[in-house]
Amino acid sequence: MSLGIVWVITIAVLTLLGGVALGFFIARKYMMNYLKKNPPINEQMLRTLMMQMGQKPSQKKINQMMRSMNNQQSK
């Protein structure tokens, strides 16, 4: 009887650990895909941010900053 309880507890702990690990990787993959499809900042937000900082945003500067941020995300 005692050996049966040990097996039940062992299987329960292993199942719990497996579920946590699997859930972590599924959630990580989902968030990576979500952030790739919906980047946290876009050109309009960058333009507004630069104007609030007192800079006059040119399209060349915005393109350069967007390219830099995209390069950082792909690493």
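For the structure itself, look to the data block above.
Residues numbered from 1 in each chain as written. Predicted model: local features only at pLDDT ≥ 70, side-chain atom pairs only at ≥ 80, totals over all residues. Heavy atoms only, no water.

Student: Any details on a nonpolar patch on the surface? Residues and values, ideally.
Tutor: Together, Ile 5, Ile 9, Val 13, Leu 14 and Leu 17 make up a nonpolar patch on the protein surface, roughly 490 Å² of accessible area in all. Inspection of the secondary structure assignment puts Val 13 in helix H1 (residues 2–37). (Patch = residues over 30% accessible without salt bridge, like charges linked within 9 Å, V, L, I, M, F, W, Y side chains within 5 Å. Areas by Shrake-Rupley, 256 points an atom, 1.4 Å probe, with all protein chains shown as cover. Salt bridge = Lys/Arg side-chain N within 4 Å of Asp/Glu carboxyl O. Helix = DSSP H or I, 4+ residues; strand = E, 2+ residues; numbered from the N terminus.)

Student: Describe the environment of Val 20, with residues and values.
Tutor: Inspection of the secondary structure assignment puts Val 20 in helix H1. Measuring from C-alpha to C-alpha, the distance between Val 20 and Met 32 comes to 18 Å, with 12 residues separating the pair along the chain.

Student: Report on the packing of aromatic side chains, specifying residues and quantitative values.
Tutor: For the coordinates displayed, the defined rule picks out two aromatic pairs. Seen in terms of ring centroids, Phe 24 and Phe 25 are 5.2 Å apart; in terms of plane orientation they differ by 75 degrees. Their pairing is edge-to-face. Owing to a relative accessible area of 52%, Phe 24 belongs among the exposed residues under this scheme. Look at Phe 25 and you get exposed, because its relative accessible area is 53%. Here Tyr 30 and Tyr 34 contribute two aromatic rings whose centre-to-centre distance is 6.5 Å and whose plane-to-plane angle is 20 degrees, an arrangement assigned as stacked. Taken together, the residues span about one helical turn, with Tyr 30 and Tyr 34 both in helix H1 at a distance of four residues. The exposure class of Tyr 30 is exposed, given its relative accessible area of 56%. Tyr 34 sits in the partly exposed class, given a relative accessible area of 41%. (Phe/Tyr/Trp six-rings, centres within 6.5 Å; stacked < 30°, edge-to-face > 60°. Buried < 20%, exposed > 50% of the residue type's maximum accessible area, 1.4 Å probe, protein only.)

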